[in-house]
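# Overview (structure and organization)
Okay, here's what each chain looks like letter by letter:
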Amino acid sequence: MSAASATSATTTTYREAARQALRAALAADPRVFLMGEDVGAYGGTYAVSRGLLDEFGPARVRDTPLSESGFVGAGVGAAMNGMRPIVEIMTVNFALLALDQLVNGAALMRHMSGGQFHVPLVVRMATGAGRQLAAQHSHSLEGWFAHVPGLRVAAPATVEDARWMLATALADPDPVILFEHVGLYGLEGELPEPGAPVDLTRAAVRRPGTDVSLVTYGGSLPKALRAAAHLAETGVDAEVVDLRVLRPLDLDTVVASVTRTHRLVVIDEMWRTGSLAGEVAAAVAERAFYQLDAPIARVCSVEVPIPYPKHLEDAALPTVDAIVAAARATLEGGP
């Protein structure tokens, strides 16, 4: 049997792929358990853990009080004592209540103990806007966490990554944060079987191109791909790079892309000031300045709290049209 015939693919959703990942992790290792607000009886705020309580019981799928500092701290302690906890935080905004546990605790433990202690903790959380959940449930703060040494930060943006990133994260002896964009849960895609754990050190070129590099991650990836399709209609061949891992950044893949296209647009749902897009732009300017034929462009969220009304929420976020316009501007600004 050929390698091609040995591989099949099914169409599924991002939500179901994430559920499959959780189910496989719980089944494979008795040290793994899931905990967070509403992960059990309710089935998860975004229905990712639906059915897992019945399948694995309350010792492995644990509903917690509404206290992020409490249950994230419990996850840190469990990880240090030999367990492999998966902690779900309902939304990134609520993760701010657990910054002490994550930033002052989990991220620093290996360094402060001289390598004697590790924190094999995985934290999953929803991020981003687009579902009219208003300001306290809709922001993109991934860059805040990607700023911190000691944390590995990733953003699965495809069905395949939603299925296979978790296994790699659980194998890491140190804390890993997985950001799942709320706009992706209903995304449909092909899930190849058999699959394999995702390399959490590498970005992925999702669409090859020669004229301009569109670099993004998470919920902005579908927008970048749609923008590339629009650009192709007028003869512009855009390359789309999915960062995938936000700490450590795979700058080699980004620089290689810019070396091919000589133009760069970074799309980031964070606010522009202090954004991850700024870090990518600065790094490319440092490492590949003479490869650029035009100034680097950034497409970010408007610097306001994310509004509740649909038309205002849409206006505050990066759009396909804005990405297309930024790409065209880099082409017009070339030699």
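Residues numbered from 1 in each chain as written. Predicted model: local features only at pLDDT ≥ 70, side-chain atom pairs only at ≥ 80, totals over all residues. Heavy atoms only, no water.

## A look at the domain arrangement of the protein chain
Assigned domains within the protein chain: domain 1 (3–193) and domain 2 (204–332). The straight-line distance from the C-alpha centre of domain 1 to that of domain 2 is 26 Å. Domain 1 puts 30 residues into the contact, and the matching count from domain 2 is 23 residues. Counting each side, the surface lost to burial between domain 1 and domain 2 is near 2200 Å², with a carbon and sulfur contribution of 60%. Linking domain 1 to domain 2 there are 2 salt bridges. For Asp161, the salt bridge identified is with Arg244, shortest N-O distance 2.9 Å. (Domains from an automatic or database assignment. Contact = heavy atoms within 4.5 Å. Buried area = accessible area lost by both parts, 1.4 Å probe. Salt bridge = Lys/Arg side-chain N within 4 Å of Asp/Glu carboxyl O.)

## Looking at the pattern of salt bridges
Applying the stated criterion across every chain, the model contains 15 salt bridges. Between Arg206 and Asp242 there is a salt bridge; the shortest N-O distance is 2.9 Å. Remark: Asp242 occurs in strand β11 (residues 238–242) and Arg206 occurs in strand β9 (residues 204–207); sequence separation between them is 36 residues. Judged by relative accessible area, Arg206 falls into the partly exposed class, the value being 30%. Here Asp242 falls in the buried class, since its relative accessible area comes to 0%. The network of salt bridges with common partners includes Asp161, Arg206, Asp242 and Arg244. (Helix = DSSP H or I, 4+ residues; strand = E, 2+ residues; numbered from the N terminus. Buried < 20%, exposed > 50% of the residue type's maximum accessible area, 1.4 Å probe, protein only.)

## Thoughts on unusual backbone geometry
With an omega dihedral of 0 degrees, the bond running from Glu193 to Pro194 counts as a cis peptide bond. For the bond from Arg247 to Pro248, the omega torsion is 0 degrees, close enough to zero to count as cis. For Pro248, the location among the structural elements is in the loop between β12 (245–247) and α11 (251–261). Positioned with a positive phi, His262 is a non-glycine residue whose angle comes to about 70 degrees. Position of His262 among the secondary structure elements: in the loop between α11 and β13 (264–271).

## Remarks on the sheet that holds strand β3 (residues 61–63)
Strands sit in the order β3-β2-β4-β5-β7-β6-β12 across an open sheet of 7 strands; the sheet is mixed. Bordering the open sheet on either side are β3 and β12, each of which pairs with just one other strand. Within the sheet, the average angular offset between the axes of one strand and its neighbour, ignoring direction, is 20 degrees. As judged from the 3 bridges shared by strand β2 (residues 32–36) and β3, these two strands associate in the parallel manner. Looking at the pairing, Met35 lines up with Arg62 of β3. In this fold helix α9 (residues 159–171) packs onto β2, β4 (84–89), β5 (122–127), β6 (152–154) and β7 (176–181), with an angle of close to 160 degrees to the strand it touches most, β7. (Pairing = 2+ DSSP bridges. Axes fitted to C-alpha atoms, helices over the stretch in contact; angles between N-to-C directions.)

## Some points on the side chain of Arg163
In this fold, Arg163 is placed in helix α9. Among buried charged residues, Arg163 stands out as having no salt bridge; its nearest opposite-charge side chain is Glu193, 4.8 Å away. When residues no more than four places from it in sequence are discounted, the contact partners of Arg163 are Ala17, Gln20, Ala21, Ala24 and Leu191. (Lys, Arg positive; Asp, Glu negative; His and termini not counted.)

## A short note on the packing of helix α2 (residues 14–28) against α9
Where α2 contacts α9, the two axes come as close as 7 Å, and the packing angle between them is 25 degrees. Relative to α9, the element α2 lies roughly parallel. Our pair here, α2 against α9, has a crossing hand that is right-handed. Contacts between α2 and α9 involve Tyr14, Ala17, Ala18, Gln20, Ala21, Leu22, Ala24 and Ala25 on the former and, on the latter, Val159, Ala162, Arg163, Leu166 and Leu170. Split into classes, the residues belonging to the contact of α2 with α9 amount to 11 nonpolar, 1 polar and 1 charged. (Parallel < 35°, antiparallel > 145°, perpendicular 65-115°, else oblique. Left-handed = near helix turned anticlockwise from the far one by under 90°. Nonpolar A, V, L, I, M, F, W, Y, C, P; charged D, E, K, R; others polar.)

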